[in-house]
Every structure is written in C-alpha cells, then in structure tokens.
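# Observations on the three-dimensional arrangement
Single-letter residue listing:
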Amino acid sequence: MSRLQADAPADRWVPVTGSLGLRGRRHRKAAIGMLLNQANTAAGSTPRPGGGAFAWILSQAAPLLMRRAAGRVLVWVWKSDPELLVVMAQLQEATPQLRTARAMMPMEYDDTESFRSTFLGVGEKLAMPLPTDPKTPPFATYTWDTGSHFVTVTAVCSDRERFGTIIGAVDDLARSVRIVDDLKLGESPTVLRLDPA
C-alpha cells in the first residue's frame, strides 16, 4: 500500500500523526483549537463556551483517526507556536470525481506557480497570504499529480502578518514529502520505477 513520508526537522515541527496519549497532546489541542476558531470565524459565528473541551476531545481522537489512514495523512504543527501553523499532507486516489472537483474550484485557485519537489517532480503551489475574504486565514497548498494519485500539502496560518516569515519552512517540508510503497525488490518484476525528474 502506498503511503506518505516526509522529513520534518524536530526543531521546527511537532508531528501530530502517530502521537498518542500525552505525547504531543498540548500541540494537538492548540492546533485543533486554532482550526476550529478559524472555521467559526469563516462561518461568522462566535466562539462558544466549552470549545476548549471540544478541541481536547478532537485532539485525543485525531491520532487514532490518522492512524487508520495508514500513512495517507500526515499532520504537523509549528513547534514554537502550535496555534500559528498547521500543515497536512494527504495522498488521495485520483478518481474521476476528484479530478472533476479540482477542475471546478474557484478561479482564484488557478493562480498557481510551478513548484519542484525532490521526490515528486514538478507540481503546483498556491500561496494566499491575503485572501480576499478577511475571515479566511492565509494558506498555501502544494499539489502533485502522479497519474494514479494526488499528493496535496496544505498549510493554514492563523496570522496574516507572520505568514511570510514561516512559508519558507513550509516549502522545505513540502519538498521532502514522498510516496513510499510496500514493494520489495523482485516482488513485482513488471514495475519500472522512474525518477520524477
């Protein structure tokens, strides 16, 4: 089965994927709280009492849910400020429905630039440091189409003013994402692997 791997320096990133129990709990809760606050703001609702408890419950469930994804989803938070930045890498099968959904995205999503990855070749990067809707947080997405799968890295930042200072680290993390297969040498002689370059 195909899954994702990445090189996330431990001095910058805390992995949410695979962190169970107390390990990474504070970072998970802060990241989920930030995403919930951003979702509430985008929907025009005000934060409700008890929102912290909901974030805590989600922070406990998130690693188990991601473990079930079997390496198809990886999530990190910014180590020095977990409420500032959340990054998620995702591997999805390139179904006709997904291709159609991507083709129907709003026009502003067409404003992409080429982005080269060490392992996945040339993909696309869309950086939105100042989304037109002030309720929308700044974000960046990186996408590679391998033919059979889409690899997507999405970064959401809670602070428009600090987005420019951390996007370089997100670029480095996105470049390190790669697909790993559970194929052993000689297991499938009909498979030819080509370098993405």
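Residues numbered from 1 in each chain as written. Predicted model: local features only at pLDDT ≥ 70, side-chain atom pairs only at ≥ 80, totals over all residues. Heavy atoms only, no water.

As a further point, take a negative patch on the surface. Residues Glu108, Asp110, Asp111, Glu113 and Glu124 make up a contiguous surface patch of negative charge. Position of Glu108 among the secondary structure elements: in the loop between α3 (96-103) and β5 (113-117). Residue Glu108 is classed as partly exposed on the basis of its relative accessible area, which comes to 42%. (Patch = residues over 30% accessible without salt bridge, like charges linked within 9 Å, V, L, I, M, F, W, Y side chains within 5 Å. Areas by Shrake-Rupley, 256 points an atom, 1.4 Å probe, with all protein chains shown as cover. Salt bridge = Lys/Arg side-chain N within 4 Å of Asp/Glu carboxyl O. Lys, Arg positive; Asp, Glu negative; His and termini not counted. Charge placed at Lys NZ, Arg CZ, Asp CG, Glu CD. Helix = DSSP H or I, 4+ residues; strand = E, 2+ residues; numbered from the N terminus. Buried < 20%, exposed > 50% of the residue type's maximum accessible area, 1.4 Å probe, protein only.)

Further remarks concern the nonpolar core. Core analysis: the largest hydrophobic core is formed by 27 residues, its most contacted members being Trp13, Leu85, Val87, Tyr142 and Val170. Of all the secondary structure elements, the ones that give two or more residues to this core are β3 (73-78), β4 (85-93), β7 (139-145), β8 (149-157) and α4 (163-176). Considering every element that reaches this core, the biggest residue donor is α4, with seven residues. Val16, Val73, Val75 and Val86 belong to the second-largest nonpolar core, a separate cluster that totals six residues. (Core = buried A, V, L, I, M, F, W, Y, C linked by side-chain atoms within 4.5 Å.)

With that settled, consider α4. Over its 14 residues, α4 runs 20 Å from end to end, which matches the ideal 20 Å to within 8%, given 1.5 Å per residue. Residues of α4 that are buried include every one of Phe163, Ile166, Ile167, Ala169, Val170, Asp171, Leu173, Ala174 and Ser176, and no others. (Expected span 1.5 Å × (residues − 1).)

Okay, the packing of aromatic side chains next. Throughout the structure, instances matching the rule amount to three aromatic pairs. On the numbers, 4.9 Å between centres and 65° between planes, the contact of Phe115 with Tyr142 is edge-to-face. Here Phe115, found in strand β5, pairs with Tyr142, found in strand β7; they are 27 residues apart in sequence, far enough to count as distant. Considered together, Phe115 and Tyr142 belong to a single accessibility category, that of buried residues. Here the basic side chain of Arg102 rests over the ring of Phe150, its NZ or CZ set 4.7 Å away from the ring centre. Its end group placed over the ring of Phe119, Arg178 keeps NZ or CZ at 4.8 Å from the ring centre. (Phe/Tyr/Trp six-rings, centres within 6.5 Å; stacked < 30°, edge-to-face > 60°. Lys NZ or Arg CZ within 6 Å of the ring centre and 35° of its normal.)

In this section: the pattern of salt bridges. Scanning the model with the defined rule gives five salt bridges in all. For Arg99, the salt bridge goes to Asp145, with nearest N and O atoms at 2.8 Å. Here Asp145 lies in strand β7 and Arg99 lies in helix α3, a separation of 46 residues in the sequence. With a shortest N-O distance of 3.6 Å, Arg175 and Asp172 are connected by a salt bridge. Of this pair, Arg175 and Asp172 both sit in helix α4, three residues apart, which is roughly one turn of that helix. Residue classification places Arg175 among the partly exposed residues on the basis of a relative accessible area of 32%. With relative accessibility at 44%, the residue Asp172 sits in the partly exposed group.

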